[in-house]
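Next come the chains, spelled out residue by residue.
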Amino acid sequence: MKHSILVVEDNLGVASPMAEYLERNGFEVRVAQSAAEAKTMIGGKNFSLVITDLRMETGKDEDGLEFVRHLRRVKPGLPVFILTASGSADTATEGVRLL
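Residues numbered from 1 in each chain as written. Predicted model: local features only at pLDDT ≥ 70, side-chain atom pairs only at ≥ 80, totals over all residues. Heavy atoms only, no water.

Considerations on the nonpolar core
- Grouped together as the largest cluster of nonpolar side chains are 15 residues, with contacts concentrated most on Leu6, Val8, Ile42, Val50, Phe67 and Leu71.
- Top element by residues in this core is helix α2 (residues 35–44). It accounts for four residues.
- If near-sequence neighbours (up to four positions away) are discounted, Leu6 is found in contact with Arg30, Ala32, Ala38, Met41, Ile42, Phe47, Leu49, Val50 and Ile51.
- In terms of nonpolar packing, the next biggest core, distinct from the first, is built from eight residues, Ile5, Met18, Leu22 and Ile51 among them. (Core = buried A, V, L, I, M, F, W, Y, C linked by side-chain atoms within 4.5 Å. Buried < 20%, exposed > 50% of the residue type's maximum accessible area, 1.4 Å probe, protein only. Helix = DSSP H or I, 4+ residues; strand = E, 2+ residues; numbered from the N terminus. Contact = heavy atoms within 4.5 Å.)

Shown next as structure tokens:
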């Protein structure tokens, strides 16, 4: 059985190559372009790992930190890897605390 990974990234220029790389290395990958879309996917499938962007422009109502908080409530043991290309040190620290 393949391990499945959910990639939550609003920029397909980042998400697509990441998904392709993971698939070439034997993982089943789903991509969500917003936190709302990812929440729907999380509810219907058991993922082995979530890789999420910290700042998402498509999900104005919820950022990566709020999504990780949600994951901690509904799937407390699910491993999460947080990516960010921008953001403050305080935001990055908050993300690490949620892990």
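Describing the pattern of salt bridges
- One pass over the structure, following the stated rule, counts two salt bridges.
- Taking the shortest distance from any N to any O, the salt bridge between Glu28 and Lys45 comes out at 3.2 Å. Of this pair, Glu28 sits in strand β2 (residues 28–32) while Lys45 is found in the loop between α2 and β3 (49–53), placing the two residues 17 residues apart along the sequence.
- Take Lys45: its relative accessible area is 25%, and that puts it in the partly exposed class.
- Residue Arg69 is joined to Glu66 by a salt bridge in which the shortest nitrogen-to-oxygen separation is 2.5 Å. Taken together, the residues Arg69 and Glu66, both in helix α3 (residues 64–74) and three residues apart, mark about one turn of the helix. (Salt bridge = Lys/Arg side-chain N within 4 Å of Asp/Glu carboxyl O.)

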